[in-house]
Amino acid sequence: MTDAKNNVISPAQCRAGRALVRMNQQSLAQAAEVSTKTVADFEREIERQLNVRTLRAIRAALEAAGVEFIPENGSGEGVRFKKDRPQETNVI
C-alpha cells in the first residue's frame, strides 16, 4: 500500500513502474543507490522490512525516470507515465 505521508510504494508498484519505463532491477538499484538484491527482494516481497529512506530512494528513482504513482483511492493503487516524463531513460 502506498503511504503518501512517507512516500512509500508497494512491491507491485515498483515492479509495474519499472516495467513501464523499461528499467531493469540493476538500473533501478544504481539510480536509487541501493543494492540490486534490495530491489529484487522488495519486488519478490521477501519477508524483509525496508526502511523508509530506502523506499523513498526507489520511488524517487522511478519518478525521475517518468513514473507517476497513483495512491489507493478505492480503485486500487497503480502507476502511470508522468505527462512531463523524460524522453530517454537508462533502460534495459
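Heads up: the structure comes first, above all this text.
Residues numbered from 1 in each chain as written. Predicted model: local features only at pLDDT ≥ 70, side-chain atom pairs only at ≥ 80, totals over all residues. Heavy atoms only, no water.

Engineer: Give me the overall build of the chain: which residues, what numbers.
Structural biologist: Helix and strand content of the chain: four helices and two strands. The N-to-C order of helical and strand elements in the chain reads α-α-α-α-β-β. Buried positions account for 37% of the 92 residues belonging to the chain. Here the chain displays about 5,800 Å² of accessible surface, and carbon together with sulfur accounts for 46% of that area. (Helix = DSSP H or I, 4+ residues; strand = E, 2+ residues; numbered from the N terminus. Buried < 20%, exposed > 50% of the residue type's maximum accessible area, 1.4 Å probe, protein only. Areas by Shrake-Rupley, 256 points an atom, 1.4 Å probe, with all protein chains shown as cover.)

Engineer: An account of unusual backbone geometry is needed here, citing residue identities and associated values.
Structural biologist: We note that R22 has phi near 55°; this positive angle belongs to a residue other than glycine. With respect to the helices and strands, R22 occurs in the loop between α1 (11-20) and α2 (25-32). Taking the relative accessible area as the measure of exposure, R22 reaches 54% and is therefore exposed. Positive phi outside glycine occurs at E45, with the angle close to 60°. Relative to the helices and strands, E45 is located in the loop between α3 (36-43) and α4 (52-64). We classify E45 as partly exposed; its relative accessible area is 49%.

Engineer: Before we move on, could you go through the nonpolar core and cite the residues and values that matter?
Structural biologist: Counting 19 residues, the largest nonpolar core has I9, C14, L28, I58 and L62 as its most contacted members. For this core, the leading source of residues is α4, giving four residues. Every residue in contact with C14, bar those within four places of it in the chain, is listed here: I9, L28, F42, E43, I58 and L62. (Core = buried A, V, L, I, M, F, W, Y, C linked by side-chain atoms within 4.5 Å. Contact = heavy atoms within 4.5 Å.)

Engineer: How would you explain the pattern of salt bridges if you had to name every residue and give the values?
Structural biologist: Applying the stated criterion across every chain yields a total of six salt bridges. Notably, a salt bridge pairs E68 with R80, separated by 3.1 Å at the nearest N-O pair. Here E68 is found in strand β1 (residues 67-70), whereas its partner R80 is found in strand β2 (residues 78-81), with 12 residues between them in sequence. Since its relative accessible area comes to 42%, R80 is described here as partly exposed. (Salt bridge = Lys/Arg side-chain N within 4 Å of Asp/Glu carboxyl O.)

Engineer: I'd like a rundown of α2, residues and numbers included.
Structural biologist: For α2, the full list of buried residues reads S27, L28, A29 and A32. On its buried face, α2 is in contact with α1, α3 and α4. Two or three places before Q26, at the start of α2, stands the capping residue N24, its side-chain oxygen 3.2 Å from that residue's backbone nitrogen. (Polar contact = N/O pair within 3.5 Å; in protein donor to acceptor, adjacent residues only side chain to side chain.)

Engineer: Describe the side chain of D41, and please don't skip the residues or the numbers.
Structural biologist: By secondary structure assignment, the location of D41 is in helix α3. A distance of 2.9 Å separates a polar atom in the side chain of D41 from a polar atom in the side chain of R44.

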